Amino acid sequence: MQLISVFCHLICSLSFLLGFWRWLIPRCASVSVFACIYCASKEKQGPYSFTLLCGDRHEGRSPVAHLLLQELTVWIDPIDGTLELVEGFPHNVTILIGVAWKGVPRLGVIFQPFLHNKAPSISECATWGGPGLGVFGLPVQQNFLTHAWTSSQPCPLVAATTRSRQTPRILDMIQQLGCPLDRMIAEGGAGSKILLMLQGKAHWWVFPEPGAKRWDTCAGEALLSCLGGELVQATNGLPYMYQFPQDEETPTCTQGVLASMPTVRTWTRTVLKWESSE
């Protein structure tokens, strides 16, 4: 019965992906897509690129009909948290869809297929949004958006990081940010950690190691940036770009990932001695 339940949830997830494409395709003159299939058991990833072409069904009134093909890239992780699914942590599994324009994330969708013990629905299990839109489908913790954190405040800091491979570099950065290790949340899956932040359960996603891919981070960065947060390279605070990879360019986030909620954004850059991003 458990296998049947997992199969039904994954079928519903596939329906969600197909529904997203049905929504996107009529609105695009052409879309460049970077779809990535990841096999956790073999530690291999296979990137596949393809182009979706369709006629102008809205007589030129499509909101993105003016975009050039090379300006729009869609990053998809069909099962984020594959290892968690295999090891029995289905609540960490998400589907990630990130849409980048000129290399900058503009739309993010995080879908939780195993959120409830029933077939998932978009209205109950999807969180989506982007700069200029807001975040929808999930109650956002307003305290994290309006009250900037300072060292004199009693509010305890919380950092989320990987469940499966914590390293001394990760633990050092968490402590450097002022978060006690006993307040660290070890959670699997990139989408799951972004949701922890949006729900007000964590101030950061800390992962200063190579390993995450752009399909892991594009959707989350779009959601965080529209709230005033950021997702950047963990070594220097510079942004990642999300245009279609050229030649030997890797989609791996080679400089690690540090995502911050808006209330700790300035604090983070001050502590780590990064230049201001304002």
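In what follows, the structure referred to is the one given above.
In short, a report on the structure. Please read all numbers here as calculations on a predicted model, not as lab measurements. (Residues numbered from 1 in each chain as written. Predicted model: local features only at pLDDT ≥ 70, side-chain atom pairs only at ≥ 80, totals over all residues. Heavy atoms only, no water.)

## Points about the overall build of the protein
Part 1 of the reasoning: Check the secondary structure of the protein and you find 8 helices and 12 strands.
Part 2 of the reasoning: Counting across all 278 residues of the protein, residues that qualify as buried make up 49%.
Part 3 of the reasoning: Taking the intrachain contacts of the protein between residues at least 6 apart in sequence as the baseline, contacts between residues at least 24 apart amount to 68%.
Part 4 of the reasoning: When the accessible surface of the protein is totalled, it reaches about 13,700 Å², and 57% of it is carbon and sulfur. (Helix = DSSP H or I, 4+ residues; strand = E, 2+ residues; numbered from the N terminus. Buried < 20%, exposed > 50% of the residue type's maximum accessible area, 1.4 Å probe, protein only. Contact = heavy atoms within 4.5 Å. Areas by Shrake-Rupley, 256 points an atom, 1.4 Å probe, with all protein chains shown as cover.)

## What about the packing of aromatic side chains?
Part 1 of the reasoning: Here the structure, examined in full by the defined rule, presents 2 aromatic pairs.
Part 2 of the reasoning: Arranged with centres 6.3 Å apart and planes meeting at 85°, the rings of Trp-75 and Tyr-242 form a pair that is edge-to-face. Here the residue Trp-75 occupies a position in strand E3 (residues 72-80), and Tyr-242 occupies one in the loop between strand E11 (230-232) and strand E12 (257-260), the gap between them amounting to 167 residues.
Part 3 of the reasoning: For Trp-75, a relative accessible area of 1% corresponds to the buried category.
Part 4 of the reasoning: The buried category is assigned to Tyr-242, whose relative accessible area is 0%. (Phe/Tyr/Trp six-rings, centres within 6.5 Å; stacked < 30°, edge-to-face > 60°.)

## Let's talk about the pairing of strand E6 (residues 126-130)
Part 1 of the reasoning: Counted residue by residue, E6 has 4 buried out of 5 residues, so it is predominantly covered.
Part 2 of the reasoning: Where strand E5 (residues 104-111) and E6 come together, 4 bridges link them in antiparallel fashion. Within the sheet, the bridge partner assigned to Gly-108 lies in E6 and is Gly-129.
Part 3 of the reasoning: Where E6 lies against strand E7 (residues 134-136), 3 bridges are found, and the strand directions are antiparallel. Across the sheet, the residue bridging to Gly-129 is Val-135, located in E7. (Pairing = 2+ DSSP bridges.)

## Brief notes about helix H5 (residues 168-176)
Residues spaced three or four apart along an α-helix point in a common direction, a consequence of the helix completing one turn every 3.6 residues.
Part 1 of the reasoning: Residues of H5 that are buried: Ile-170, Met-173 and Ile-174. Looking straight down H5, one finds that the buried residues subtend no more than 100° of arc, so they occupy a single side.
Part 2 of the reasoning: At its buried positions, H5 is contacted by strand E8 (159-161), strand E9 (184-186), strand E10 (204-207) and E12. (Arc of directions from axis to C-beta.)

## Observations concerning the sheet that holds E12
Part 1 of the reasoning: On the basis of which strands lie adjacent, the open sheet formed by 5 strands has the order E9-E8-E10-E12-E11 and mixed pairing. Both edges of this open sheet fall to E9 and E11, since each of them pairs with a single strand only. Looking at each pair of strands side by side, their axes are set apart by 20° on average, direction ignored.
Part 2 of the reasoning: Sheet analysis places E10 next to E12, joined by 4 bridges and oriented antiparallel. Counted as the bridge partner of Phe-207 is Val-257 from E12. (Axes fitted to C-alpha atoms, helices over the stretch in contact; angles between N-to-C directions.)

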